[in-house]
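Architecture and fold: a report
As a plain string of letters, each chain reads:
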Amino acid sequence: MTKPNNYQGDNNNIDASLENLYQKRKLQHVSPNVVKQEVLNTLSTNAKADTPWWKVNLKPYLQISAVAGSVAIAFIVISIQVVNKQPSPILLESADLANFQSVELHVLAPKTEQLAATQFSRNSSTQERKIQYQSAQSVYMERQADLVVHQQAYATIVSSEEGLSLLTCDQNLLKLSQEVVNLLMSGQVNKGIDFSNGQMVALAFDSNGHIIDIQKQSKKTEC
Amino acid sequence: MFSFLPSILMHSAARKQPPPEQVMADYIMRKDKKAIIALYNTFADDMYHYLLTMSDPTLAQDIVQKTWLKVIEKPHSYHTLGSVKAWLFTMARNALIDEFRKTKRWVELENQHEELSSDITILSHTDNIQSQFDEALMALPFAQREAFCLQHEGFSLSDIATMTNNKQETIKTRLRYAKTKLKELLEHANDQA
């Protein structure tokens, strides 16, 4: 009767012994560290792939974005400057302007007195109107003469006892004052003009019909 | 007054280590790296020893690595109603058998005789009982060796039957044969010593 108990006891002892031996065997054979390292590497790789966008290390992306943004801004600024670039005007100081003397050329606008002469009143009498018409005609003739004079580009120097004169192509004789002659002959404005009789010159007139410049005419010009 | 302190400390220590099933659930939900590391530290050595007992060191290392990579990449294959350890060992066993099938070694293992043989394998003459046990264990047929290992890993007959796709009676028989053989071998070794 005791045999079953002993048998059971032996069985229990055997199981315990086997269990003990098995567990000791396990302690002698553990998983290599290289396997754990490989697992950790895989975890790190997957962690980067699965990281939500709000947890992603944004530093490299921020750096790239900053560089790209700076380049874009610089490009925009340069483009704006190129588009808006206009040739800057030459600014003259007021002191510089004083060295220049403006000369009005060929303004054929009527003088004030000439305008006044062309005004007609409705209340004027017949006699008054007749006088006004004559006055206007006179103004017209003067302005015609101015126009002609201004258009006279060439003239011939005429030397006489009274001094130098300029004979225009329509046979108008423009007398040159002694001051002008002295000035033209002086070294300051000597334009190399041969003030001999028959020399052709080119003329420039101002708005008042005054000759402001006489230039040597190299080419033989005929009226 | 202080008698309850150790129990509190022990309770606190126990509370700090959640069950593996909860750890696995945490990993599935949050892909927490620490969860995998905790599971690895708990089961890696058991898995390696089982695979080593069923094959060789090189293959065991390879299968362990592949199994854990699969855990990391496909955690959803774990069914939350089951044991994490059983799930891990099942994956490892399936991977091992796949490797055996590649080399056609599985056919040989399946054809091994499982009946209790009267032949007693002559163990090497050594005084180290541990070495004798190791030799005796490796001398067992594949199926008996596997059943013995899985039982000593804490799996029930039902678990082993499910993992190996066998009936419980078959597992019970294999375990009886394995223990008997080991006992005889050990007794023979003791007698010779």
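That block above? That's the structure.
To keep things clear, this report deals only with the structure shown in the data block. (Residues numbered from 1 in each chain as written. Chains lettered and ligands numbered in written order. Predicted model: local features only at pLDDT ≥ 70, side-chain atom pairs only at ≥ 80, totals over all residues. Heavy atoms only, no water.)

Here we come to the overall build of chain B. What chain B contains, in helices and strands, is ten helices and zero strands. Relative to its full complement of 193 residues, chain B shows a buried share of 41%. Residue pairs at least 24 apart in sequence account for 67% of intrachain contacts in chain B once pairs closer than 6 positions are excluded. Of the accessible surface of chain B, which amounts to about 10600 Å², a share of 53% is contributed by carbon and sulfur atoms. (Helix = DSSP H or I, 4+ residues; strand = E, 2+ residues; numbered from the N terminus. Buried < 20%, exposed > 50% of the residue type's maximum accessible area, 1.4 Å probe, protein only. Contact = heavy atoms within 4.5 Å. Areas by Shrake-Rupley, 256 points an atom, 1.4 Å probe, with all protein chains shown as cover.)

Another point: the packing of aromatic side chains. All names here are of chain B. This model, assessed by the stated rule, comprises seven aromatic pairs over all chains. Summarising the aromatic geometry, the rings of Phe133 and Phe148 are spaced 6.3 Å apart at their centres and angled 55 degrees between planes, so their arrangement reads as tilted. In this pair, Phe133 is assigned in helix α7 (residues 129-139) and Phe148 in helix α8 (residues 142-152), connecting sequence segments 15 residues apart. In this structure Phe148 comes out as buried when scored by relative accessible area, which is 0%. Here Lys85 stacks its cationic end above the ring of Phe155, 5.6 Å away from the centre of that ring. (Phe/Tyr/Trp six-rings, centres within 6.5 Å; stacked < 30°, edge-to-face > 60°. Lys NZ or Arg CZ within 6 Å of the ring centre and 35° of its normal.)

Many authors give the size of an interface as the accessible area that is lost as the parts come together. On the chain B side, the residues contacting the 26 residues of chain A number 35 residues. Taking both partners together, chain A and chain B bury about 2800 Å²; carbon and sulfur atoms supply 65% of that area. For the pair chain A and chain B, the interface holds four salt bridges. Between B:Asp134 and A:Arg25 there is a salt bridge whose closest N-O contact spans 3.5 Å. Where chain A touches chain B, the interface holds 14 residue pairs in polar contact (both at pLDDT 80 or more). Only α1 (2-28) and α2 (33-50) of chain A provide two or more residues apiece to the side of chain A that touches chain B. Here the side of chain A that touches chain B is built from residues that sort into eleven nonpolar, seven polar and eight charged. (Buried area = accessible area lost by both parts, 1.4 Å probe. Salt bridge = Lys/Arg side-chain N within 4 Å of Asp/Glu carboxyl O. Polar contact = N/O pair within 3.5 Å; in protein donor to acceptor, adjacent residues only side chain to side chain. Nonpolar A, V, L, I, M, F, W, Y, C, P; charged D, E, K, R; others polar.)

Quick look at the side chain of B:His49 now. With respect to the helices, strands and loops of the structure, B:His49 is situated in helix α3 (residues 33-54). Among residues more than four places away in sequence, those in contact with B:His49 are A:Tyr22, A:Arg25, A:Lys26, A:His29 and B:Glu153.

This part takes up the pattern of salt bridges. Within the structure shown, the criterion is met by twelve salt bridges over all chains. Note that B:Asp26 is salt-bridged to B:Arg30, the shortest N-O span being 3.9 Å. Placement of the pair is B:Asp26 and B:Arg30 together in helix α2 (residues 20-30), with a separation of four residues, close to one helical turn. Classification of B:Arg30 as exposed rests on a relative accessible area of 55%. The partner of B:Lys66 in a salt bridge is B:Asp62, with the nearest N and O atoms 3.5 Å apart. Pair noted here: B:Lys66 and B:Asp62 are both in helix α4 (residues 57-73), with a separation of four residues, about one helical turn. For B:Asp62, a relative accessible area of 29% puts it in the partly exposed group. A single network of salt bridges, built from pairs that share partners, joins A:Lys26, B:Asp46, B:Lys85 and B:Glu153.

Attention shifts here to the pairing of strand β1 (residues 154-160) of chain A. Residue and element names in this part refer to chain A. Pairing analysis gives six bridges linking β1 to strand β2 (residues 163-168), with the strands arranged antiparallel. If you follow Ser159 over to β2, its bridge partner there is Leu164. Here β1 hands over to β2 after two residues, the two strands then running antiparallel side by side. (Pairing = 2+ DSSP bridges.)

We now examine α4(B). Residues and elements named next belong to chain B. For α4, which comprises 17 residues, the first-to-last C-alpha distance of 24 Å matches the rise-based estimate of 24 Å (1.5 Å per residue) to within 8%. Those residues of α4 that fall on the buried side of the exposure criterion are Leu59, Ala60, Ile63, Val64, Thr67, Trp68, Leu69, Val71 and Ile72. Looking at where α4 begins, the residue whose side-chain oxygen comes 3.2 Å from the main-chain nitrogen of Thr58 is Asp56. (Expected span 1.5 Å × (residues − 1).)

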